[in-house]
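Reading the structure
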Amino acid sequence: MKKLLLGALVLALAATGCAVTDYPVITDDRGSYSGIIRTGHKAYVVGTSQIATIFDDGSDELFSMVYQNQYGDQKLYTFNNFDPTASVLFMDQTYCDWRYDGCEIVRAWNPANSNIDEPFDYEFFPDCSGARSLSLLISQSSRLAECGDKMLMADKQGLMGEFANLATTTWRGQTAYVLPINADNTSVSLNGVSAPIYGQFTSFVTGGMDLVVPATPNLRHELAWLANYVAQNGNQANVTLTYGSVSANLNMAFSAAGINHNLNRF
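Residues numbered from 1 in each chain as written. Predicted model: local features only at pLDDT ≥ 70, side-chain atom pairs only at ≥ 80, totals over all residues. Heavy atoms only, no water.

1. A few points about the overall build of the chain
- Counting its regular elements, the chain contains four helices and 20 strands.
- In the chain, buried positions account for 51% of the 266 residues.
- Of the roughly 12700 Å² that the chain leaves accessible, carbon and sulfur atoms contribute 49%. (Helix = DSSP H or I, 4+ residues; strand = E, 2+ residues; numbered from the N terminus. Buried < 20%, exposed > 50% of the residue type's maximum accessible area, 1.4 Å probe, protein only. Areas by Shrake-Rupley, 256 points an atom, 1.4 Å probe, with all protein chains shown as cover.)

This is the structure in structure tokens:
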């Protein structure tokens with residue numbers, strides 16, 4: 001649970017946009033069948049939370065989909081749910097709609113044979129909607145669920161316990177937690193190198209564990225530091241993050257192309 005909370009904080013500090021580039025082989029052992037399944041079409045990847053970045057011209061919510069063949073080989077896609085009103089209308093996957101007309105921001109090949117797989121390889125398409133929000137690449141080591149399969153959903157009630165001491169506000173008519181991030185309550189290091197936190201970031205976490213992050217001007221300074229770090233040290237790092245009394249380690253990769261694209265447009 002702590003890693004899920006701190007993963008959300010890392011996303012908030014790095015412009016929040018992430019793409020899943022590595023995903024476990026999807027299997028099913030219900031009924032008379034047990035083994036690898038073929039999805040037949042793209043399937044929505046259920047995450048620990050939905051995350052939106054608010055800009056002056058609207059909000060971006062990046063989401064990933066997975067297509068898997070009968071051998072377990074996958075193509076992973078990242079798209080954007082853009083809301084021009086910036087009121088953050090999170091995507092509703094109640095009916096598991098896999099159709100999407102927009103172009104993918106990221107496309108990643110994920111073969112089942114781990115000997116030939118590079119978990120953070122990907123193609124980046126900067127002209128697609130939402131490309132400005134991409135900064136992180138995620139190698140997802142375990143399945144929460146794909147749309148239509150809720151058996152693996154995380155215990156959101158347990159995760160909300162981590163937010164018990166946070167102040168609350170109202171977001172779109174419902175209660176949300178105020179998640180302040182600053183140098184007094186948060187520290188981040190990448191492979192032992194301390195990352196500066198410029199000013200105050202104020203994010204909001206809804207009761208459904210959706211994360212909303214306004215893109216404020218100090219975000220550009222975070223991106224500039226991160227771009228310089230990646231240029232000097234490579235795009236992969238073990239991230240140690242402490243928020244208040246809670247801490248965790250996460251292995252992550254950063255999209256250099258996405259970070260630099262963000263800097264040019266921010």
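Picking up where we left off.
2. Digging into helix α3 (residues 218–233)
- The end-to-end C-alpha distance of α3 is 23 Å, a good match for the 22 Å that 16 residues give at a rise of 1.5 Å each.
- What α3 keeps buried is the set Asn218, Leu219, Glu222, Leu223, Leu226, Ala227, Tyr229 and Val230.
- Two residues or fewer past α3, Gly234 is found with a positive phi of approximately 90 degrees. (Expected span 1.5 Å × (residues − 1).)

3. Let's talk about the sheet that holds strand β5 (residues 51–55)
- Pairing is mixed in the open sheet, where six strands are placed in the order β6-β5-β18-β17-β14-β13. Of all strands in the sheet, those with a lone pairing partner are β6 (58–60) and β13 (168–171), marking the two edges. Between one strand axis and the next, the sheet turns through 35 degrees on average, direction left out of account.
- Here three bridges tie β5 to β6, and the two strands are oriented antiparallel to one another. Each bridged residue has a counterpart across the sheet, and for Thr53 the counterpart in β6 is Asp60. (Pairing = 2+ DSSP bridges. Axes fitted to C-alpha atoms, helices over the stretch in contact; angles between N-to-C directions.)

4. Examining the pattern of salt bridges
- Counted according to the given criterion, the structure contains four salt bridges.
- When the shortest N-O distance is used, the salt bridge between Arg132 and Asp57 registers 2.9 Å. With Arg132 in the loop between β10 (123–124) and β11 (134–139) and Asp57 in the loop between β5 and β6, this pair connects stretches of sequence that are 75 residues apart.
- By relative accessible area, which is 14% here, Arg132 ends up buried.
- In this structure, Arg107 and Glu123 form a salt bridge, with 3.2 Å as the shortest nitrogen-oxygen distance. Here Glu123 lies in strand β10 and Arg107 lies in strand β9 (residues 106–110), a separation of 16 residues in the sequence.
- For Glu123, a relative accessible area of 40% corresponds to the partly exposed category.
- Overlapping salt bridges, with partners in common, bring together Asp57, Asp60 and Arg132 in one network. (Salt bridge = Lys/Arg side-chain N within 4 Å of Asp/Glu carboxyl O.)

5. Some thoughts on the environment of Thr94
- Examined against the element boundaries, Thr94 turns out to sit in the loop between β8 (74–80) and β9.
- For Thr94, a relative accessible area of 54% corresponds to the exposed category.
- Taking the C-alpha atoms as reference, Thr94 lies 8.2 Å from Cys147; in sequence the two are 53 residues apart.

6. Looking at the confidence of the model for the chain
- Per-residue pLDDT for the chain has a mean of 81; in total, 84% of the residues score no lower than 70.
- Predicted confidence is poor over residues 150–160, with pLDDT under 50, and the contacts of this stretch with residues over four places away or in other chains come to 21 contacts. (pLDDT = per-residue confidence, 0-100. Contact = heavy atoms within 4.5 Å.)

7. Structural notes on the nonpolar core
- In this structure, Tyr23, Val66, Leu179, Leu190, Phe254 and Ile259 are the most contacted members of the largest nonpolar core, which totals 39 residues.
- The element that contributes the greatest number of residues to this core is α3, accounting for six residues.
- With near-sequence residues (within four places) excluded, Tyr23 lies in contact with Val45, Val66, Gln74, Leu76, Asn110, Gln140, Arg143, Leu144, Ala145 and Glu146.
- In this structure, Leu62, Val106, Phe124 and Leu137 belong to the second largest nonpolar core, which totals 11 residues. (Core = buried A, V, L, I, M, F, W, Y, C linked by side-chain atoms within 4.5 Å.)

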